[in-house]
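# Topology and contacts: notes
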Amino acid sequence: MSRMCKERRVKFRWVHFEDVVISAEYGSLGMRVKDRKIAYFPLVVVVRSQVAQLQADSEITVLRHLELIGCRLINQSSAILKCVNKMWTFQELAGNGFPLPYTFSYGGHSEVGTTLKTVDTNLVYPVVAKNCRGCQGQSVFLARDRMQMIDTSHLLKHEAPYLFQQYVRESHGRDVRVIVIGERILGAMLRQSCDGRMQSNCAAGGRGERYQLPPDGEKLALAVARSLRIDVCGIDLLFNSDGSFWICEVNCNPGFKHFNAALQVNVAESITELALQELERFREVRKLSTVTVADTSDYCSDHGDSCP
């Protein structure tokens, strides 16, 4: 990313959330990075952060601040929020006719066992249990019967709720990771478990290889990205018995390493290219905006950080 920006003579800088201080004063929004006041805000910001650690009261607040200042975020804060929690993603997709395995979660943390007993009549075992904020195949297990589910419910870690999902037998130990960048499919990778476990994540020991996604799979992945209004994402698809796909989850911060190796591509370069395209488009918008607010130049001269 740094190299491509340098070649295009575009200023580039890495910024960590913990180095940012945001402010609102005198009718304008401001920002400091490492105690240095930012006089010229970036036009485009590429967001890379572990989803499990993102919090609405901290990191998302910074991202909203940047958007209100006028920065173009890749991904936008609203899209990130839809993918931070796996159940939130399903809530967004459920009303649009997407193929989702039966899934439920709960509100309180203290009575998980009671909740499971209440909905037990709708469950067909085995059932997949996942932490709503889990990643890389962690905090996922397969409950093979009702008693195992209830007996282990008190062991669930409650930093975030769990969701319980229909087990898709045809996709045990394998799934398809599709990466979408700017309404274009970069590629698809078949992920397979190497030890018979349900999880196929490469970070958990699975292996990945190039996969030729059929047209209906491509159509589904692009429709999911458009529905969530997300620029960059990794969509995980499960195999159905009739050759179609179920949607497993959507990651707004997909990893690159194994995907790059399996497909011989460079995900970071593709994201950078999208960012540079957005920069050119945003520059044109800013030019028009500057013309439309020309009459406010006196006010802007007194409030430098507020100028377009």
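If you're wondering where the values come from, they're calculated on a predicted model, not measured in any experiment.

The helix and strand inventory of the protein stands at 10 helices and 14 strands. Taken over 308 residues, the protein has a buried fraction of 47%. Excluding contacts between residues fewer than 6 apart, the proportion of contacts in the protein whose partners are at least 24 apart in sequence is 64%. When the accessible surface of the protein is totalled, it reaches about 16800 Å², and 49% of it is carbon and sulfur.

Further remarks concern the packing of helix 3 (residues 77–84) against helix 4 (residues 86–94). Interaxial distance between helix 3 and helix 4 falls to 5 Å at its minimum, and their mutual angle equals 110°. Viewed along their axes, helix 3 and helix 4 adopt a mutual orientation that is roughly perpendicular. Two secondary-structure elements touch here, helix 3 through Leu-81, Lys-82, Cys-83 and Val-84 and helix 4 through Lys-86, Trp-88, Thr-89 and Glu-92. Tallied by class, the residues present in the contact of helix 3 with helix 4 amount to four nonpolar, one polar and three charged.

What follows covers the side chain of Lys-86. Along the chain, the position of Lys-86 falls in helix 4. Among the polar contacts made by the side chain of Lys-86, one reaches the side chain of Glu-249 at a distance of 3.0 Å.

Here the focus is the packing of aromatic side chains. Under the definition given, this model contains five aromatic pairs. By way of ring pairs, the aromatic residues Tyr-102, Phe-104 and Phe-164 are connected into one cluster. Its guanidinium or amino end placed over the ring of Phe-239, Arg-174 lies 4.0 Å from that ring's centre, counting from NZ or CZ.

So, on to the sheet that holds strand 6 (residues 103–104). Taken together, four strands build an open sheet; the order of strands is 6-9-7-8 and the sheet is antiparallel. The open sheet has two edge strands with one neighbour each: strand 6 and strand 8 (140–143).

Okay, helix 2 (residues 59–69) next. Listing the buried residues of helix 2 in full gives Glu-59, Ile-60, Val-62, Leu-63, His-65 and Leu-66. Contacts made by the buried residues of helix 2 are with strand 1 (20–25), strand 2 (28–33), strand 4 (44–46), strand 5 (72–74) and helix 3. A positive phi of about 120° marks Gly-70, the residue just after helix 2.

The contact between helix 2 and helix 3 brings their axes to 10 Å, and the two run at 155°. Considering the angle they form, helix 2 stands roughly antiparallel to helix 3. Residue-level inspection shows Ile-60, Leu-63, Arg-64 and Glu-67 of helix 2 in contact with helix 3, the latter providing Ser-77, Ile-80 and Leu-81. Looking at the contact of helix 2 with helix 3, its residues break down into four nonpolar, one polar and two charged.

Parameters at a glance
What you see as residue numbers is a count from 1 along each chain, following the sequence as written. Per-residue local features are limited, in this predicted model, to residues with pLDDT of at least 70; the limit for side-chain atom pairs, both in listing and counting, is 80 or more; totals at the level of whole chains, interfaces and linings are taken over all residues. Water and hydrogen atoms were dropped before computing side-chain values, which therefore reflect all heavy atoms in the structure. For the purposes of this entry, the term helix denotes a DSSP run of H or I that reaches at least four residues, the term strand denotes a run of E that reaches at least two, and both are numbered from the N terminus. Relative accessible area decides the class of each residue, using a 1.4 Å probe on protein chains only: under 20% of the type maximum gives buried, over 50% gives exposed, and in between gives partly exposed. Note on contacts: a residue pair qualifies if any of its non-hydrogen atoms lie within 4.5 Å across the two residues. Accessible areas in this description were obtained via Shrake-Rupley with a 1.4 Å probe; residue shielding takes into account the shown protein chains only. Angles run from 0 to 180 degrees between N-to-C directions of axes, and those axes are lines fitted to C-alpha atoms, restricted for helices to the stretch in contact. Every angle not falling under 35 degrees, over 145, or within 65 to 115 is termed oblique; those three ranges are roughly parallel, roughly antiparallel and roughly perpendicular. We call Asp, Glu, Lys and Arg charged. Ala, Val, Leu, Ile, Met, Phe, Trp, Tyr, Cys and Pro are nonpolar, and the rest, Gly among them, are polar. Two N or O atoms form a polar contact when they lie within 3.5 Å of each other; inside protein one atom must be a possible hydrogen donor and the other a possible acceptor, and for residues adjacent in sequence the pair counts only when both atoms belong to side chains. Here a Phe, Tyr or Trp ring, Trp counted by its six-membered ring, pairs with any other such ring whose centre lies within 6.5 Å, and the pair is stacked when the planes are under 30 degrees apart, edge-to-face when over 60, and tilted otherwise. As a reminder, the over-ring test applies to NZ of lysine and CZ of arginine, requiring each to be within 6 Å of the ring centre and within 35 degrees of the ring normal. Only when DSSP finds a minimum of two bridges between them are two strands counted as paired.

Function-wise, these values are silent; they only describe arrangement.
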